[in-house]
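Given next are the chains, with one letter for each unit.
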Amino acid sequence: MKVDTRIPFGKIDRVPRLIKDFVEGKIEGFSHLIFNKKNILPALLRKEESFSHKTRTLLCRALEKQYRGYSLDSSQEENLELLRDAKTFTVVTGHQPNLFTGPVFFIYKILQTIKTADHLKKRYPDYSFVPVFWMATEDHDFEEINHFWTENHRYELGGASGGAVGKILVQEDYFISAFEKEFQDCIYGTELIEWMKEAYKKGNSLSEAIRKLTQRIFSRYGLLCLDGDDVLLKAEMKSVFRDEIFSCTLKKTTGNTREFIKKAYHKVQVQPREINLFYLTDTRDRIVFDGVQFSVLDKEIFFTQEEILEILEKHPEKFSPNVLMRPVFQESVLPNIAYVGGNAEIMYWLELKEYFAYLRLPFPLLIPRNSLLFLEEKTFKKIDKLHLRISDFFGNFADIITDILLENHPLKDEINDKKRLIRRAFEDLKTQAALTDITFRNLVEAEEKRQLKSFCKMQKRLLRAERIKQKELVERVENLFYAVHPKKNWQERSLNFSVFYSNYGTDWLAHVYRIIDVENSELAVVEI
């Protein structure tokens, strides 16, 4: 395997402008959150000063409890011990417990987290760094996590939705036999099948399943998994949850930042609720307040102020943070200095800067995870044969088709030349017309638009004719697009890791680790 191309996020159309501006330091007031040499040591010092010995001890207790019954790699045991020390910090990523890890970017973001921790160890030898995977087991969107795709099949897990997905138990395993048929003849297929059978044994929860899988895949790297759905950890959040319930502070403190993001980028990734907490029963439902009493949405559950306070004090595990409150929970219980996330994650983290400041909680450095694309040698050859670059497939695909069909076509240059002549001719005419009468200028502008529109129609008709004439060429280009974008999406969001691991095993993991650049946000295109 070798890297063919590295494309910076700044040159990819589909990467949100907010992410591009963030990594390039163009957003005023946010540059201190970028992962770079200038910001790392200040982040370490902020966290070292604020993270208490009490919380560190509690974290270690929670990890030891959650790993009870597991055989740990020596690197994991070492990291557990290091976490007791005040000079040890974490690098974190997180994800829901998707079926068999879900899309392959699950693997990429964890390996980048591991490599970032290793990078920091070398750069700051006076400190220790531990990679942590935050298991987002309390999410309740089961339809989002109950399936995965290979190149030829969709695998799905049945079950009831509405509750915390980590608590859902495996009740049927028909998908395993189908998976076995697909991969039994692959070089590392037997290993994958054994992992799946172990993780998704009937009666296992999805939380247990994803921990068993991450243990199989990443234990040698020293990765530690932490499930936030833990009474020990939630007890640390009582004061924050209380403030949110009675003061709705998250929404209030993030208003200015959200307004700025909306004005500058036309979209806010996640809009906060009045109260950004759920209540856990057999399902996970929002806590709401009608001005008189608290209740659980869609449930016949009601609380007075005194009652909800008493439950929070005695049973903090019944309260579940939503997507915006979860970063606060995570950063409160971990000695964390950096978070590795997808673009959507980073965008909603950015909304929270002022809320963190209100809580006097250090905000971590934010790292948009790398993207990877693995293509066969024959695909690269086909792209070269058409005189295209891989980066072309991450721009406007319609423009690619147009350029190929009309390449060297005499009418293409003729039409463009005529359009340029029209613009040039009307420019002087509009200037003179404005001196005569504004309505006359308007007439001239309208005539310019009419003539240009006629040439645009000619161009479209020409393109349509060439699409029919060169149908075979269009199909070749479209097939290449689907090779790069299976299911019309980025490969990393479409395919499961088993597609690659089945043929290359742990060597593939090692290559991904090697390829990832922890200091740059980019797409690496790899020949496999």
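Residues numbered from 1 in each chain as written. Predicted model: local features only at pLDDT ≥ 70, side-chain atom pairs only at ≥ 80, totals over all residues. Heavy atoms only, no water.

Undergrad: How should the sheet that holds strand β1 (residues 2-8) be read in this particular structure?
TA: Strand-to-strand pairing in sheets goes through backbone hydrogen bonds, with the strands running parallel or antiparallel. Strand order across the open sheet formed by three strands is β1-β15-β14, with mixed pairing between neighbours. Bordering the open sheet on either side are β1 and β14 (371-375), each of which pairs with just one other strand. Recorded for the sheet is a direction-independent mean angle of 20° between the axes of neighbouring strands. Two strands pair when backbone bridges link them, and β1 and strand β15 (residues 522-527) are joined in this way by six bridges, in the antiparallel orientation. Along β15, the bridge assignment pairs P8 with E522. The sheet strands contacting helix α25 (residues 506-515) are β1, β14 and β15, and the helix crosses β14 at an angle near 130°. (Pairing = 2+ DSSP bridges. Helix = DSSP H or I, 4+ residues; strand = E, 2+ residues; numbered from the N terminus. Axes fitted to C-alpha atoms, helices over the stretch in contact; angles between N-to-C directions. Contact = heavy atoms within 4.5 Å.)

Undergrad: Can you walk me through the pattern of salt bridges in this structure?
TA: Pairs can form between side chains of opposite charge whenever their charged atoms are close. Within the structure shown, the criterion is met by 28 salt bridges. The salt bridge partner of D392 is R389, with a shortest N-O separation of 3.2 Å. Overall, the relative accessible area of 18% leaves D392 in the buried class. A cluster of three or more residues bridged by salt bridges with shared partners is formed by E138, K167, D229 and K234. (Salt bridge = Lys/Arg side-chain N within 4 Å of Asp/Glu carboxyl O. Buried < 20%, exposed > 50% of the residue type's maximum accessible area, 1.4 Å probe, protein only.)

Undergrad: Would you mind showing me how to read the nonpolar core here?
TA: Side chains of nonpolar character tend, in soluble globular proteins, to be buried together. Within the largest apolar cluster, 137 residues are counted, with the highest numbers of intra-cluster contacts made by Y200 and W508. Element by element, the count of residues in this core is highest for helix α5 (residues 105-123), at seven residues. If we skip the residues at most four places from it in the chain, Y200 touches N98, L99, F100, T101, V170, D173, F175, I176, L206, A209 and L213. L44, F89, Y127 and F129 belong to the second largest nonpolar core, which has 16 residues in total. (Core = buried A, V, L, I, M, F, W, Y, C linked by side-chain atoms within 4.5 Å.)

Undergrad: Explanation requested: helix α18 (residues 377-385) in the structure shown.
TA: Because the α-helix completes a turn every 3.6 residues, residues three or four places apart line up on one side. Taken as a whole, α18 has its buried residues at T379, F380 and I383. Around the axis of α18, the buried residues are gathered within 100° of arc, so they sit on the same side. In α18, those exposed residues whose orientation departs by more than 90 degrees from the buried face are K378, K381, D384 and K385. Among the residues trailing α18, H387 stands out with phi positive, at a value near 60°. (Arc of directions from axis to C-beta.)

Undergrad: Would you mind showing me how to read the pairing of strand β12 (residues 336-341) here?
TA: Consecutive side chains of a regular strand alternate in pointing toward one face of the sheet and then the other. Most of β12 is tucked away: six of the six residues are buried. When strand β2 (residues 88-95) meets β12, the two strands line up parallel, connected through three bridges. By the bridge assignment for β12, V92 is matched with Y339. The sheet contact formed by β12 and strand β13 (residues 365-368) spans four bridges and is parallel. If you follow V340 over to β13, its bridge partner there is I367.

Undergrad: What exactly am I supposed to notice about the sheet that holds β12 here?
TA: The five strands are arranged β6-β3-β2-β12-β13 in an open sheet whose pairing can be described as parallel. Of all the strands in the sheet, just β6 (224-227) and β13 have a single pairing partner and so form its edges. Mean inter-strand twist for the sheet, computed between neighbouring axes without regard to direction, equals 30°. Here helix α2 (residues 37-50) sits on the sheet in contact with β2, β3 (128-135), β12 and β13, set at roughly 120° to β12. Its contacts with the sheet put helix α15 (residues 326-333) on β2, β3 and β12, and the angle it makes with β3 is roughly 145°.

Undergrad: Can you walk me through the packing of aromatic side chains in this structure?
TA: Remark: the centre distance and the inter-plane angle together describe each pair of aromatic rings, the angle taken between the planes. Applying the stated criterion to the full structure yields 32 aromatic pairs. With a centroid separation of 5.2 Å and 80° between ring planes, the pair formed by F394 and W490 is classed as edge-to-face. With F394 in the loop between α18 and α19 (397-406) and W490 in the loop between α22 (471-484) and α23 (491-494), the pair connects residues that are 96 residues apart, well separated along the chain. Since its relative accessible area comes to 5%, F394 is described here as buried. (Phe/Tyr/Trp six-rings, centres within 6.5 Å; stacked < 30°, edge-to-face > 60°.)

Undergrad: Teacher, can you tell me more about unusual backbone geometry here?
TA: Positive phi outside glycine occurs at C248, with the angle close to 55°. Given a relative accessible area of 16%, C248 falls into the buried group.

Read these as geometric descriptors, not functional statements.
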